[in-house]
Each structure stands twice: as structure tokens, then as C-alpha cells.
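Topology and contacts: notes
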Amino acid sequence: MKTDLKKTVQLRKSTTAIHAGGFEHSLYGEVSVPIFQTSTFAFPSAADGAARFSGKQPGYIYSRLDNPTVNALEESVATLEGGFGAVATATGMAAVSSVYLSFLSRGDLVVAGSCIYGSSRVILESELIRYGVETTFVDSSDLSNIEKAMRPETKMVFVETPMNPSIKLTDLAGAAAIAKKYGALLAVDNTFASPYLQRPIEFGADIVIHSLTKFINGHADVIGGMVVTRDEERYDRVKKVASLFGNTMDPHQAWLILRGLRTLALRVDRAQENAMKLARFLESHPKVTWVSYPGLSSHPQHELAKRQMDGFGCMISFGVENGLEGGITLMNNVRLITLAVSLGGVESLIEHPASMTHASIPADERREAGIFDELVRLSVGCEDFEDLRNDLDQALNRIGEYEIRTPALQAEIDAFQEPGC
Ligand SMILES: *Cc1c(COP(=O)(O)O)cnc(C)c1O
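Since this is a predicted model, take the numbers as computed values, not measurements. (Residues numbered from 1 in each chain as written. Predicted model: local features only at pLDDT ≥ 70, side-chain atom pairs only at ≥ 80, totals over all residues. Heavy atoms only, no water.)

Attention now moves to the overall build of the protein. Of the regular secondary structure elements, the protein holds 16 helices and 12 strands. At 23 Å, the protein has a C-alpha radius of gyration in line with the 22 Å of a compact globule built from 421 residues. With 421 residues in all, the protein has 52% of them scored as buried. Restricting to contacts in the protein with at least 6 residues of sequence separation, those with at least 24 account for 72%. When the accessible surface of the protein is totalled, it reaches about 18700 Å², and 54% of it is carbon and sulfur. Measuring between centres, the 40 positive side-chain charges of the protein sit 6 Å from its 52 negative side-chain charges. (Helix = DSSP H or I, 4+ residues; strand = E, 2+ residues; numbered from the N terminus. Rg over C-alpha atoms; globule rule 2.2 N^0.38 Å. Buried < 20%, exposed > 50% of the residue type's maximum accessible area, 1.4 Å probe, protein only. Contact = heavy atoms within 4.5 Å. Areas by Shrake-Rupley, 256 points an atom, 1.4 Å probe, with all protein chains shown as cover. Lys, Arg positive; Asp, Glu negative; His and termini not counted. Charge placed at Lys NZ, Arg CZ, Asp CG, Glu CD.)

Right, dumping it as C-alpha cells:
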């Protein structure tokens, strides 16, 4: 769905999140967008059917192509991002793959951030390579790495900011300038910031991707994705590819996400206020070795964060004493904060990449990718700050209290305790 900027251009972001993408003409004066749970739409006549298919007449045909509820969500997100239009997809990965499939052909090169979302990286590394598309992965927090990797065949620069799990940033205006110089598209996965805090199109990005599963839906109960484009040509391309490949969204899913989106500003304001306070608390905690949060003046890209973000976000990573063992102790002792992957919900989630999501990668490769043994990632939610701080404090204080028993060590201890010993 294309944006109707006339309606919303004067409004602030928090108002836009609540009002963008409503219906121009409601059926019964309804305030909430209805769920149009229908797979297909009747044509008044054969001639109307033909006119709709040819694009001469507006109107719905079939829900894989367009659906009023899905269109309402698309218009909301496109308006928030300041894009020409948006295409909703079944998952965040369907959004990523729609972008790859829309703009990359055999012989093209991609320059991608080395810390992009795991599945986004795996598609490039082991799937697109089968179609003759090659990727160079670089640490995009340093623009010179992007510049050095660019070739005449580079068709796309694909980055995230803030990045996972280092919470380092990519300079969006700088990356856009490099991409432009080489005639490549800049695609930005804006999931970690949300459009409430950062709008990559304002800095020159051509394409913005979201996993709506995270901040935009915000309640850890729906999966979804979105592609927003700067211009009409790219919109038409993504719309065609996503519809053809069947990557599009279901109306019920769209309705749930629209309901979450309406409170985006409230949720993010509260969560990032908590995050700032928690980052300061963690910085002063004796069991914490370092903290990466763009709102701290110790963050090497604090000034960049102030330039390109409207707030410092809700994601923190930090290091704990005793490396792998310390991380495991923390995971096993939090009581309020949930031990789970994913992010962006009202509830705080914690994860330890070295022992969980990235445990299968050999330790030295992990370290090279910046996934240190002691690194813990926290997605800060909307709970009371005092409760979050107390929970982290009690769990952190358990670090070093006892030794983690590996299966081998446990077997030795069990053997020693056998009767008769
Ligand atoms: C979760 C996530 C994705 C994938 O989204 P799904 O909704 O799980 O398919 C892509 N990019 C980022 C940055 C994510 O956090």
C-alpha cells in the first residue's frame, strides 16, 4: 500500500503511530480497522473483474495481492518511515528474502554487515551463492570497511543499526553516500531501532526492512515483516515479487500488529527510559566488565547516536565477570527477566549468545565475530525499573559464588559421593 502523506504529514510520530493507516471511509463509523478475513473479493461484473486485473479500476481481487486490513498496516508503517509505500510480509525473514529476490541477480555482489541477523546472513552465504550472488561481510560500524569492499558489480549494501549483539551503530548517512557513489541500493534492517527512533530513508536509504515481530508489534505474540521503499519503482518491484513468491501477510496477523503499533511510542518511551537507567546501573556493578548502550557517553558512537536516532533504544549488551561461566550463572538466576531470544516486547528478555544462540560456533570464530564469552544481551521492556534492577542485581551477585558443573565434573563429583567412598 502506498502512503497517503496528505493525511499525516503534519503530525508528530507518536500521533502518527496511533492514526496512520486508518480507513478513509468507515463502514459503520468503526474506530478500529476491521479484520477483512476473506481470501477473495467478488467482482460486480466480468468487465469490472477485467478492469481490476488490468489495473484500470481500483478494487480488491485476492488477499495474497491486497487486503484492506493488511493495507492499513502497510500504510501506517510506510508513513512512520517516511517511505513511498510498504509491503507487509508473513515474517521478518520474508521481508528480507523479498528484498534479496527483488533486487539481486546472477553476477551481482552484496556488501553486508557481518553482524546482520543470523538468518539474513545465512541466506546470503549459503543460498544466494547458489544463484551466483556473492557477498562480502564487513564490520559496518567503520565506514571505511564498507568503502573498501565496494566493487563495480556491488548492487546492494545491507546493514543494521544498532547491530546485534554488539549494539554498535552503522552511520546511515555515510553508508548511503558510499552506496550512491557505486550505484548500489542501501537496504537497512531497522528492527532494533523502530521507526519511532530512527528513519533510515531520511538519511538516504532506499529500502527499510522490519521484523514486525519485535518493537512494532511489541507483545511477543505475532510474527510479521515489512519492506518500506523510498520510491515508487522499488515499491512496485517488491510488491510484485512478494505477491508472486507468496511472501505476503494474512489479515488477522495484520490486525494484531496494527493493534500493537498503536502503542509503539508509549512502549518505546518507557522501555528506553528503563534501558538508560539500567545501563548506568550495570556500568557501576562490580560483576559487570563493560556495557554497550548508545545512550552512555562511554559508547564510542554516542555522538552518532545523537545525530541519527531520536532516542537511544531499548537494547543493551554487557560483559560479566567469569566469561562463559558468569553468563550461564546470570541466565540461570534471573527470576523476573525472561531467558529467551527475540526482543522488543513489553517484557524484558535476556540471552547469552555464547552459551545459547551462537554456542555451535567454535569459540575462536565466535570471538572474531565479536561474540565474546562474557557478552549478555538484554532487551529492556516496560516493567518497573526498580524490579528490573533488583532482579539483575541479585542474579549478577551469584556470579563467582559457585562453580558451574560441566557434565564431566558432575560425573566426578557423583562418583566421589557414592556410598562407601
Ligand atoms: C527477528 C529479526 C529478523 C527476522 O524476523 P522474523 O520475524 O523472526 O522472521 C530479521 N532481522 C532482525 C534484526 C531481527 O531481529
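After that view of the structure, there is still more to cover.
The next subject is the sheet that holds strand β8 (residues 288-292). Spatial strand order, β8-β9-β12-β11-β10: 5 strands in an open sheet with mixed pairing. Two strands lie at the open edges of the sheet, namely β8 and β10 (338-339), each paired on one side alone. Bridge analysis of strand β9 (residues 315-320) against strand β12 (residues 375-379) gives 5 bridges, and the strand direction is antiparallel. Across the sheet, the residue bridging to G319 is L375, located in β12. Along the sheet face, helix α11 (residues 264-283) touches β8, β9 and β12 and points at about 10° away from the line of β9. Packed on one face of the sheet, helix α13 (residues 323-333) meets β9, β10, β11 (349-351) and β12 and runs near 125° to β9. (Pairing = 2+ DSSP bridges. Axes fitted to C-alpha atoms, helices over the stretch in contact; angles between N-to-C directions.)

The next thing to look at is the side chain of H302. By the secondary structure assignment, H302 is in helix α12 (residues 302-308). A polar contact is formed between the side chain of H302 and the backbone oxygen of P294, at a distance of 2.8 Å. Not counting the four nearest positions on each side in its chain, H302 is found in contact with P294, G295, L296, S297 and F312. (Polar contact = N/O pair within 3.5 Å; in protein donor to acceptor, adjacent residues only side chain to side chain.)

Along the chain, V346 falls in the loop between β10 and β11. The class of V346 is partly exposed, set by a relative accessible area of 29%. The spacing of V346 and V380 is 34 residues in sequence and 8.0 Å in space, taken between C-alpha atoms. Those residues within four positions of V346 in sequence are excluded, and the remaining contacts are G218, H219, R267, G381, C382 and E383.

If you trace the backbone, A17 turns up in helix α2 (residues 13-19). As for A17 and S76, which are separated by 59 residues in sequence, their C-alpha atoms are 6.9 Å apart. Apart from the residues lying within four places of it in its own chain, the contact partners of A17 are L80, L261 and R262.

Looking now at the side chain of Q198. Of note, Q198 is situated in the loop between β5 (185-189) and β6 (207-211). One polar contact links the side chain of Q198 to the main-chain carbonyl oxygen of T161, over a distance of 2.9 Å. Discounting chain neighbours no more than four positions away, the residues touching Q198 are E81, T161, L172, N190, A193, Q308 and M309.

Attention now moves to the nonpolar core. L73, V77, L212, M226, V228, M249 and L261 are the most contacted members of the largest nonpolar core, which has 34 residues in total. Sorting the residues of this core by element identifies α4 (68-81), β1 (85-89), β7 (225-229), α10 (251-261) and α11 as the ones contributing at least two each. When residues in this core are grouped by element, the largest group, 6 residues, is from α4. Residues lining this core come from more than one domain, with at least three contributed by each of domain 1 (5-261) and domain 2 (265-416). Not counting residues up to four positions away in its chain, the partners in contact with L261 are A17, L73, S76, V77, L80, I216 and R267. With 27 residues, the next largest nonpolar core counts Y293, I316, L378 and L396 among its residues. (Core = buried A, V, L, I, M, F, W, Y, C linked by side-chain atoms within 4.5 Å. Domains from an automatic or database assignment.)

In many analyses, interface size is given as the accessible surface area lost on bringing the parts together. Segmentation of the protein into domains returns domain 1 (5-261) and domain 2 (265-416). The interface is formed by 34 residues belonging to domain 1 together with 32 residues belonging to domain 2. Where domain 1 abuts domain 2, roughly 2600 Å² becomes buried across the two surfaces, and 60% of that area is made up of carbon and sulfur atoms. Broken down residue by residue, the surface that domain 1 buries against domain 2 is led by L169, L197 and F215, which jointly contribute 27%. The interface formed by domain 1 and domain 2 holds 3 salt bridges in total. (Buried area = accessible area lost by both parts, 1.4 Å probe. Salt bridge = Lys/Arg side-chain N within 4 Å of Asp/Glu carboxyl O.)

Let us look at the sheet that holds strand β4 (residues 154-160). Paired through their backbone hydrogen bonds, the strands of a sheet run either parallel or antiparallel. Strand order in the open sheet formed by 7 strands is β1-β7-β6-β5-β4-β2-β3, with mixed pairing between adjacent strands. Single-partner strands in this sheet number two, and they are β1 and β3 (134-138). Across this sheet, the average inter-strand angle for adjacent strands is 20°, counted without regard to direction. Where β1 lies against β7, 5 bridges are found, and the strand directions are antiparallel. Among the inter-strand pairings, V87 is bridged to a residue of β7, identified as V227. Together, β4 and β5 form the strand contacts of helix α8 (residues 172-181), whose direction differs from that of β5 by roughly 150°.

Moving on, we get to the packing of aromatic side chains. Applying the stated criterion to the full structure yields 4 aromatic pairs. The ring of Y196 carries the charged tip of K13 above its face, separated from the ring centre by 5.5 Å. Across from the ring centre of F137, 4.0 Å away, lies the NZ or CZ of R121, which sits over that ring. (Phe/Tyr/Trp six-rings, centres within 6.5 Å; stacked < 30°, edge-to-face > 60°. Lys NZ or Arg CZ within 6 Å of the ring centre and 35° of its normal.)

Right, let's talk about unusual backbone geometry for a bit. Residue P162 follows T161 across a cis peptide bond; omega there is -10°. Its location among the elements puts P162 in the loop between β4 and α8. For the bond running from N164 to P165, omega is -5°, close enough to zero to count as cis. Looking at the element boundaries, P165 is found in the loop between β4 and α8. The phi dihedral of N322 is positive, around 65°, even though this residue is not glycine. Considering the arrangement of structural elements, one finds N322 in the loop between β9 and α13. Residue class for N322 comes out partly exposed when judged on its relative accessible area of 42%. You will see that S342, though not glycine, has its phi angle at about 85°, which is positive. The topology assignment puts S342 in the loop between β10 and β11.

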